[in-house]
Amino acid sequence: MDSKDNGYYSMNGGDEYHSYVKNSTYQRGIWEAATAIIEEEIATKLEIPTSSKHFCIADFGCSTGGNSFPAMNTIVEAVKRRHESSNLKTPEFYVCFNDVVSNDFNTLFSSLPPGRSYEAAAVPGDFHRRLLPPSSVHFAYSSCSLHWLTEAPEATEGLKSLVWSGGERLRGGEKEEVYKAYLGQFERDLEAFLQCRAVEMVDGGIMALLIAGVPASWDPQKEFTGVSVAELLRSSLLDLAKKED
Ligand SMILES: C[S@@+](CC[C@H](N)C(=O)[O-])C[C@H]1O[C@@H](n2cnc3c(N)ncnc32)[C@H](O)[C@@H]1O
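What you see is a predicted model, and the numbers here were worked out from it, not measured in a lab. (Residues numbered from 1 in each chain as written. Predicted model: local features only at pLDDT ≥ 70, side-chain atom pairs only at ≥ 80, totals over all residues. Heavy atoms only, no water.)

Attention now goes to helix α1 (residues 25-45). Side chains of residues three or four places apart in an α-helix project in the same direction, reflecting 3.6 residues per turn. The end-to-end C-alpha distance of α1, which contains 21 residues, comes to 29 Å, matching closely the 30 Å that a straight helix rising 1.5 Å per residue would cover. The sharpest bend along α1 comes to roughly 40 degrees, located at Thr35. Within the sequence span of α1, burial applies to Gln27, Trp31, Ala34, Thr35, Ile38 and Ile42. At its buried positions, α1 is contacted by α2 (68-85), β6 (137-143) and β7 (201-210). (Helix = DSSP H or I, 4+ residues; strand = E, 2+ residues; numbered from the N terminus. Expected span 1.5 Å × (residues − 1). Bend = angle between axes of the 7 residues up to and from the residue. Buried < 20%, exposed > 50% of the residue type's maximum accessible area, 1.4 Å probe, protein only. Contact = heavy atoms within 4.5 Å.)

See the structure below:
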């Protein structure tokens, strides 16, 4: 991550060694795992208004585009097939690429795939706010972005020091308090996102949100399990911090 605007950090721009483009194969894998499900949803659930001559896709949290382009292409091709199967004329496609203002949109626009069958527009800004006109988006997509919270959840001083100073492992009750604080913040942020998209989406449109999660069986009161990405991240950050000392 590099620069920060309005409280948000954006991903490393450009296409050099430390860029997001060169360091996001994990996120690419998440999209690839979801591709077949999204194609199936478009084929079976997308309602096509016969009067509409255009189709608008919005990618919320697109970064510099490396993973967004294949996703947008797959969605466009699936929507084309859906129109063909209903004997409807192929619409004009528009893709709105959204990310925070400090995102490297120059890299995104200079690497747009040649021969793409959509027009592209940048929509910079916080996706927890209204960004697009009412009833304008037919397909809302977001991958690996919605877990970014608007702020660290409000917590007691003691809790804060446990969270941020690191060293000690959290005990049962404290872990649950941290879990609840972050869950509450995530719920508020997700609700704000959904309320905005509810205004912006057309009736019968589709929303595909790819979000990291934990198994339903996960119990925050118990020790973090070996599969917890959060725990892996926490211990990596602590190791890094120790190296800095
Ligand atoms: C891990 S990247 C994911 C990029 C891409 N979707 C992918 O799958 O590779 C998360 C992106 O979400 C963006 N983001 C985070 N919070 C945001 C917000 N409130 N509004 C708009 N974009 C946001 C970040 O700037 C970042 O580019």
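After that view, the rundown keeps rolling.
One open sheet holds the 5 strands; their spatial order is β5-β4-β3-β6-β7, and the pairing between them is parallel. Looking at the sheet topology across the chains shown, the edges are occupied by β5 (119-124) and β7. On average, each strand axis in the sheet is inclined to that of its neighbour by 20 degrees, with strand direction left out of account. Note: strand β3 (residues 54-60) against strand β4 (residues 92-99), 7 bridges, orientation parallel. Its bridge partner being in β4, His54 is matched across the sheet by Glu92. Set on the sheet, α1 makes contact with β6 and β7; between it and β7 the angle comes to about 160 degrees. (Pairing = 2+ DSSP bridges. Axes fitted to C-alpha atoms, helices over the stretch in contact; angles between N-to-C directions.)

Turning our attention to the pattern of salt bridges. Counting across every chain of the model gives 5 salt bridges. Across the pair Arg130 and Glu200 runs a salt bridge, and its minimum N-O distance is 3.3 Å. Here the residue Arg130 occupies a position in the loop between β5 and β6, and Glu200 occupies one in helix α5 (residues 172-200), the gap between them amounting to 70 residues. For Glu200, a relative accessible area of 0% corresponds to the buried category. Among the salt bridges present, the one from Glu200 reaches Arg197, with a minimum N-O distance of 2.7 Å. Remark: Arg197 and Glu200 occur in helix α5; sequence separation between them is 3 residues, near one turn of the helix. (Salt bridge = Lys/Arg side-chain N within 4 Å of Asp/Glu carboxyl O.)

A word on the packing of aromatic side chains. Counted according to the given criterion, the structure contains 7 aromatic pairs. Note on Trp31 and Tyr141: the rings are 5.7 Å apart at their centroids and 85 degrees apart in plane angle, and the pair reads as edge-to-face. Note that Trp31 is positioned in helix α1 and Tyr141 in strand β6, a separation of 110 residues in sequence. We note that Trp31, like Tyr141, is buried. (Phe/Tyr/Trp six-rings, centres within 6.5 Å; stacked < 30°, edge-to-face > 60°.)

Our focus in this paragraph is the site of the ligand. Neighbouring residues of the ligand: 21 residues in total, closest Tyr20, Gly61, Asn67, Asp99 and Asp126. Within the side chain of Asp99, an N or O atom sits 2.5 Å from an oxygen atom of the ligand. Contact distances for the ligand include 3.5 Å between a nitrogen atom and a side-chain N or O atom of His128. In isolation the ligand exposes 590 Å². Once the protein is present, 98% of that is buried. At the level of secondary structure, the elements contributing two or more residues to the shell around the ligand comprise β2 (8-9) and β4. A class-by-class count of the residues in the shell around the ligand yields 9 nonpolar, 10 polar and 2 charged. (Near = heavy atom within 4 Å. Polar contact = N/O pair within 3.5 Å; in protein donor to acceptor, adjacent residues only side chain to side chain. Areas by Shrake-Rupley, 256 points an atom, 1.4 Å probe, with all protein chains shown as cover. Nonpolar A, V, L, I, M, F, W, Y, C, P; charged D, E, K, R; others polar.)

If you check α2, its first and last C-alpha atoms are 26 Å apart, about what 18 residues at 1.5 Å a residue would give, namely 26 Å. Residues of α2 that are buried include every one of Ser68, Phe69, Ala71, Met72, Thr74, Ile75, Val76, Ala78, Val79, Lys80, Arg82 and His83, and no others. Tucked into the core, α2 has its buried residues touching α1, β3, β4, α3 (105-110) and β6. The first or second residue beyond α2 is Asn87, which carries a positive phi of 55 degrees.

Structurally, Asp59 is set in strand β3. Although Asp59 is buried, it makes no salt bridge; Arg197 carries the closest opposite charge, 10 Å away. Only 2.5 Å separates the side chain of Asp59 from the side chain of Ser68, close enough to count as a polar contact. When sequence neighbours within four positions are dropped, the list of residues in contact with Asp59 reads Ser68, Met72, Cys96, Phe97, Asn98, Tyr141 and Ser142. (Lys, Arg positive; Asp, Glu negative; His and termini not counted.)

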